[in-house]
Amino acid sequence: MNPILSLVIRSFVAVPVTVLTGVVSFFIFEQNFLPSIAYAIAGGVIVHFILSFTMGRSFLKKHQLTRKEFRYIRKHLSEANKKISRLNKSLFSIRDLSTVKQRIDILRVTKKIQKMAVKEPKRFYQAELFYFSHLDSIVELTEKYSFLASQPKKSMEIKQSLIETRQTLNEMTKVLEEDLYRVVSDDVEHLNFEIDVAKHSIKKQKDSKFPEENRWLK
């Protein structure tokens, strides 16, 4: 679940419990004002932590992950966010109009993989090559390209490096697209299976409606 949404839900429940606990302590059990405030805060904190634990457990169960696995994935996703931020900065500092589409494609695919892994953490394992190799390569390439492209005077060596880097970025874009396909491969297989089932059902229904016509056609 989105961390912000999770916090909002917990707060939405914890705040009324805090108020209710304070009111009950003060008016029903006739506690003094300060102890009532302390009970109220304690009640809200306890409810907040119980909800946090329950929601976290439910999330892990839904995605079939252990807490250790989730911590491991969350750590790498957090590091990836920083790298993607660097990627975004370097891509949009490049003034070369001929590579605009390429840069947009790189960022689109990269963010798509990250978004899916954040939403469904188990997909991280299908994108390990992306997180442990390809993302680092694309960030380094774009940062170096951005640095060289920003030089006011370009020697023949710099121009040649820029050409080679553009070619490598083209190849890396295809690699990133393969990473994305790997992440959604299970969905593609499932969709193809559902299509086959639907086609079979449609054929079966047609055969049952027009048995005589189908017999003559055979």
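First, a word on what this report is: a plain description of the structure on this page. (Residues numbered from 1 in each chain as written. Predicted model: local features only at pLDDT ≥ 70, side-chain atom pairs only at ≥ 80, totals over all residues. Heavy atoms only, no water.)

A tally of helices and strands in the protein chain yields 7 helices and 0 strands. Helices (α) and strands (β) of the protein chain occur, in sequence order from the N terminus, as α-α-α-α-α-α-α. Across the 218 residues of the protein chain, 28% fall into the buried class. Long-range contacts, defined as pairs at least 24 residues apart, comprise 67% of the intrachain contacts of the protein chain with a sequence gap of at least 6. In the form shown here, the protein chain has an accessible surface area of approximately 15,600 Å², with 63% of it arising from carbon and sulfur atoms. (Helix = DSSP H or I, 4+ residues; strand = E, 2+ residues; numbered from the N terminus. Buried < 20%, exposed > 50% of the residue type's maximum accessible area, 1.4 Å probe, protein only. Contact = heavy atoms within 4.5 Å. Areas by Shrake-Rupley, 256 points an atom, 1.4 Å probe, with all protein chains shown as cover.)

This part is about the pattern of salt bridges. Side chains bearing opposite charge may pair, as long as their charged atoms lie close to each other. The full count for this structure, using the stated rule, is 6 salt bridges. Note that R86 and E143 form a salt bridge whose closest N and O atoms lie 2.9 Å from each other. Of this pair, R86 sits in helix 3 (residues 67–91) while E143 sits in helix 5 (residues 128–149), and the two are 57 residues apart along the sequence. By relative accessible area, which is 28% here, E143 ends up partly exposed. Between K101 and D105 there is a salt bridge, and its shortest N-O distance comes to 2.9 Å. Here D105 and K101 lie together in helix 4 (residues 100–119), a separation of 4 residues that amounts to about one turn. One salt-bridge network, in which partners are shared between bridges, spans K101, D105 and R108. (Salt bridge = Lys/Arg side-chain N within 4 Å of Asp/Glu carboxyl O.)

Before going further, it helps to spend a moment on helix 4. Helix length check: helix 4, at 20 residues, gives a terminal C-alpha distance of 28 Å against a target of 28 Å (1.5 Å per residue), a fit within 8%. Those residues of helix 4 that fall on the buried side of the exposure criterion are Q102, R103, D105, I106, L107, V109, T110, I113, Q114, M116 and A117. (Expected span 1.5 Å × (residues − 1).)

Bringing helix 5 into the picture now. Taking 1.5 Å as the rise per residue, helix 5 with 22 residues should run 32 Å; its terminal C-alpha atoms sit 31 Å apart, in good agreement. A maximum bend of about 45° is found in helix 5 at H134. Turning to helix 5, its buried residues are F130, Y131, H134, L135, I138, V139, T142, Y145 and S146. (Bend = angle between axes of the 7 residues up to and from the residue.)

If you walk through the whole model with that rule in mind, you get 5 aromatic pairs. Geometrically, the ring pair formed by F130 and Y131 is edge-to-face, given 4.9 Å between the ring centres and 80° between the ring planes. The class for F130 is buried, based on a relative accessible area of 0%. (Phe/Tyr/Trp six-rings, centres within 6.5 Å; stacked < 30°, edge-to-face > 60°.)

Membership of the largest hydrophobic core comes to 27 residues, with the highest contact counts inside it found for L87, I106, I113, F130, Y131, L135 and I138. Residue assignment for this core shows that the elements contributing at least two residues are helix 2 (33–62), helix 3, helix 4, helix 5 and helix 6 (156–209). Sequence-distant contacts of L135, defined by excluding residues within four places in its chain, comprise A80, K83, I84, T110 and F130. (Core = buried A, V, L, I, M, F, W, Y, C linked by side-chain atoms within 4.5 Å.)

Time to look at the side chain of S146. Inspection of the secondary structure assignment puts S146 in helix 5. Judged by its relative accessible area of 13%, S146 falls in the buried class. Looking at S146, its side chain comes within polar contact range of the side chain of S93, at 2.6 Å. With near-sequence residues (within four places) excluded, S146 lies in contact with S90, S93 and I94. (Polar contact = N/O pair within 3.5 Å; in protein donor to acceptor, adjacent residues only side chain to side chain.)

All right, on to the environment of A14 then. Its place among the elements puts A14 in helix 1 (residues 3–28). Put simply, A14 and V45 are 31 residues apart on the chain and 7.2 Å apart in space, counted from C-alpha to C-alpha. Those residues within four positions of A14 in sequence are excluded, and the remaining contacts are G44, V47 and H48.

Before going further, it helps to spend a moment on a positive patch on the surface. A cluster of like positive charges, contributed by R57, K61, R67, K68, R71 and R74, occupies part of the molecular surface. Taken together, the elements giving at least two residues each to the positive patch come down to helix 2 and helix 3. Position of R67 relative to the elements: it lies in helix 3. (Patch = residues over 30% accessible without salt bridge, like charges linked within 9 Å, V, L, I, M, F, W, Y side chains within 5 Å. Lys, Arg positive; Asp, Glu negative; His and termini not counted. Charge placed at Lys NZ, Arg CZ, Asp CG, Glu CD.)

Attention now moves to the packing of helix 3 against helix 5. Two elements in contact, helix 3 and helix 5, have axes separated by 9 Å at closest approach and are oriented at 20°. In terms of axis orientation, helix 3 runs roughly parallel to helix 5. Between helix 3 and helix 5 the crossing geometry is left-handed. Contacts from Y72, H76, L77, A80, K83, I84, R86, L87, S90 and L91 in helix 3 reach E128, Y131, F132, L135, D136, I138, V139, T142, E143 and S146 in helix 5. Along the lines of polarity and charge, the residues of the contact of helix 3 with helix 5 split into 11 nonpolar, 4 polar and 5 charged. (Axes fitted to C-alpha atoms, helices over the stretch in contact; angles between N-to-C directions. Parallel < 35°, antiparallel > 145°, perpendicular 65-115°, else oblique. Left-handed = near helix turned anticlockwise from the far one by under 90°. Nonpolar A, V, L, I, M, F, W, Y, C, P; charged D, E, K, R; others polar.)

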